[in-house]
Amino acid sequence: MCSKMVVQVSLVKLSSGYEMPMLGLGTYARKADPGQFRQAVEWAIDAGYRHIDTASCYKNEEEIGEGIANKIKQGVVNRQDLFVTTKLWNDCHAEAEVIPALKKSLEKLKLDYIDLYLIHWPVSVNVKGEDTGIDHVETWRGMEEAVKLGLTRSIGVSNFNEEQLERLYKSANIKPVVNQFEINPTLTQHKLVNFCKDHSIVPVAYTPLGLISEARPEFIGKDVIKTDPKLGELAQKYGKTQAQIALRYLIQRGIPALPKSFTKTRIEENLNIFDFELTNTEMDIVDSYNIDHRCVPGTVFANCKNYPF
Ligand SMILES: NC(=O)c1ccc[n+]([C@@H]2O[C@H](COP(=O)([O-])OP(=O)(O)OC[C@H]3O[C@@H](n4cnc5c(N)ncnc54)[C@H](OP(=O)(O)O)[C@@H]3O)[C@@H](O)[C@H]2O)c1
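Below you will find a few notes about this structure. Since the model is a prediction, treat every value here as computed from it, not as a measurement. (Residues numbered from 1 in each chain as written. Predicted model: local features only at pLDDT ≥ 70, side-chain atom pairs only at ≥ 80, totals over all residues. Heavy atoms only, no water.)

1. Describing the site of the ligand
Near the ligand lie 29 residues; those nearest to it are Y28, D53, K260, S261 and T263. Measuring from an oxygen atom of the ligand, one finds a backbone N or O atom of T27 at 3.0 Å. Contact distances for the ligand include 2.9 Å between an oxygen atom and a side-chain N or O atom of R266. In isolation the ligand offers 910 Å² of accessible surface; the protein chains occlude 90% of this area. Examining the composition of the shell around the ligand, we find that 3 residues originate from one element, helix α10 (residues 264–271), more than from any other. Classifying every residue of the shell around the ligand by side-chain character gives 11 nonpolar, 12 polar and 6 charged. (Near = heavy atom within 4 Å. Polar contact = N/O pair within 3.5 Å; in protein donor to acceptor, adjacent residues only side chain to side chain. Areas by Shrake-Rupley, 256 points an atom, 1.4 Å probe, with all protein chains shown as cover. Helix = DSSP H or I, 4+ residues; strand = E, 2+ residues; numbered from the N terminus. Nonpolar A, V, L, I, M, F, W, Y, C, P; charged D, E, K, R; others polar.)

In structure tokens, the structure reads:
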């Protein structure tokens, strides 16, 4: 009989009291074939993922919901075993728009609650993409209402800088439990990570593979990390890949990571990082690749009043 190894994914406690798995499936893709998101979610749940990250602007909530529903129907997981995050898009920042937007996401996801709802960006725009300058402190009141209505268990933000986070934190009745932003070996973000931790806000890493990812050929020349023999040696020492070393580095810094993949073997590979530990010296080696390079600069919002970077 073939018995499948179950990966023990560690958990982090949020200030809301709920626990979040340290590794989740990212689901943003510029291009996807029909069914590809659903398939990725199904492979991920089969592999042991219990945390899935989506957003209304990814236009994939329906497929993500199908994947989840299929796995619940097959008895692989129960709803309460899963941690599902989605995000409020920038054109729904008026307080009164938050609950209707979340209800639309829930309908697409086929869920009656989500685990975490995030303000995707601190900028607000209209459907034409023009800056509407809505204060995210106002948006936050709608987010708090979503918790009170039981539509989401926890609320947080994404792409907020220190100043924005501090102002929101001070005015919030329900504190943001996470800030999701880009963190990886080439963008180590120590200052913002420390600020988050000092405020009991969990820093969550998006684009956790950074320049290691094959999706970033546009950064050729900056991607020395891929060819650097030191990272290769580390990977070889542990019998892991460079991507796994990058993910493990984040986990050891106490940062949950959300790698995206449409490839079954990579989905499995990215979860398989809880059975080894980098030494302090090795953590410093990975950390030394920092070049403060953003893969996701959000330049389309650069002219907005609340552009964070
Ligand atoms: N809040 C925000 O504003 C924001 C912004 C960006 C991203 N995110 C979230 O974070 C998630 C991850 O970020 P991301 O998708 O930009 O970047 P990423 O996860 O760092 O990289 C994804 C790319 O890496 C490839 N890949 C995955 N595993 C690999 C491995 N083991 N070895 C080599 N290549 C591998 C994937 O290819 P294949 O798919 O072909 O396997 C994909 O092209 C997103 O999907 C989304 O959920 C949030």
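2. A short note on the pattern of salt bridges
Under the criterion given, the structure shown has 10 salt bridges. In this structure, the salt-bridge partner of R38 is E42, at a minimum N-O distance of 3.3 Å. With R38 and E42 both in helix α1 (residues 36–47), this residue pair falls 4 residues apart, about one helical turn. Take E42: its relative accessible area is 11%, and that puts it in the buried class. Salt-bridge contacts for K240 lead to D275; the nearest nitrogen and oxygen are separated by 2.9 Å. With K240 in the loop between α8 (229–238) and α9 (242–252) and D275 in the loop between α10 and α11 (280–287), this residue pair connects regions lying 35 residues apart in the sequence. (Salt bridge = Lys/Arg side-chain N within 4 Å of Asp/Glu carboxyl O. Buried < 20%, exposed > 50% of the residue type's maximum accessible area, 1.4 Å probe, protein only.)

3. Points about α9
Note: α-helices contain 3.6 residues per turn, so residues at a spacing of three or four share the same orientation. Burial analysis of α9 places 10 of its 11 residues in the buried class, which makes it a mostly covered element. By the burial criterion, the buried members of α9 are Q242, A243, Q244, I245, A246, L247, R248, Y249, L250 and I251. Following α9 by one or two positions, G254 adopts a phi angle in the positive range, close to 80 degrees.

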